[in-house]
Amino acid sequence: VQLQASGGGLVQPRESLRLSCTASGHTFRVLSVGWFRQSPGREREFVAAISYRDARRYYTNSVKDRFTLSRDDAKSTVYLRMDSLKREDTAVYYCSASGYYSVSHLQDPRYYDTWGRGTQVTVSS
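Attention in this report is confined to the structure presented alongside it. Everything quoted here is computed from the prediction, not taken from an experiment. (Residues numbered from 1 in each chain as written. Predicted model: local features only at pLDDT ≥ 70, side-chain atom pairs only at ≥ 80, totals over all residues. Heavy atoms only, no water.)

Moving on, we get to the packing of aromatic side chains. Considering all chains together, one arrives at six aromatic pairs under this definition. Ring geometry for Tyr-52 and Tyr-101: centres 5.9 Å apart, planes at 85 degrees, overall edge-to-face. Of this pair, Tyr-52 sits in the loop between strand S5 (45-50) and strand S6 (57-59) while Tyr-101 sits in the loop between strand S9 (91-98) and helix H1 (103-106), and the two are 49 residues apart along the sequence. Residue Tyr-101 is classed as partly exposed on the basis of its relative accessible area of 36%. One aromatic cluster is present, formed by Phe-36, Phe-46, Tyr-112 and Trp-115 through successive ring pairs. (Phe/Tyr/Trp six-rings, centres within 6.5 Å; stacked < 30°, edge-to-face > 60°. Helix = DSSP H or I, 4+ residues; strand = E, 2+ residues; numbered from the N terminus. Buried < 20%, exposed > 50% of the residue type's maximum accessible area, 1.4 Å probe, protein only.)

We now examine the sheet that holds strand S3 (residues 17-24). Strand-to-strand pairing in sheets goes through backbone hydrogen bonds, with the strands running parallel or antiparallel. Taken in spatial order, the four strands make up an open sheet running S1-S3-S8-S7, and their pairing is antiparallel. Strands with a single pairing partner mark the edges of an open sheet, and in this sheet they are strand S1 (2-6) and strand S7 (67-72). Between one strand axis and the next, the sheet turns through 15 degrees on average, direction left out of account. Relative to S3, S1 runs antiparallel, the two being bridged by five bridges. When the sheet's bridge partners are listed, Ser-6 is paired in S3 with Ser-20. (Pairing = 2+ DSSP bridges. Axes fitted to C-alpha atoms, helices over the stretch in contact; angles between N-to-C directions.)

Following this line, the structure appears as structure tokens:
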């Protein structure tokens, strides 16, 4: 399966964006999808993930109550709605697929198989 992230852009603080992660292939329903982000000089960090097994959502603490994941299996797409954006959210956002479903695996980029090309999110006034 191949993934493509889109929807990034330049926004002001406190504004919103919705990122999309669209997969090609026929196995999307049995894949968890995670979002990671990376800014210059920093390692790739976990943002959020949604489990294929029970649709449970996991978020890193810094985005809880601001970011929301949803998935549409019919469209093979996962959405990351980002509200109340902050300057520190600025990064390249990547989505990826994993055959795992537990939170410990989904927070670790080593358990993801396929990485799409990222989309830049810039939060600046």
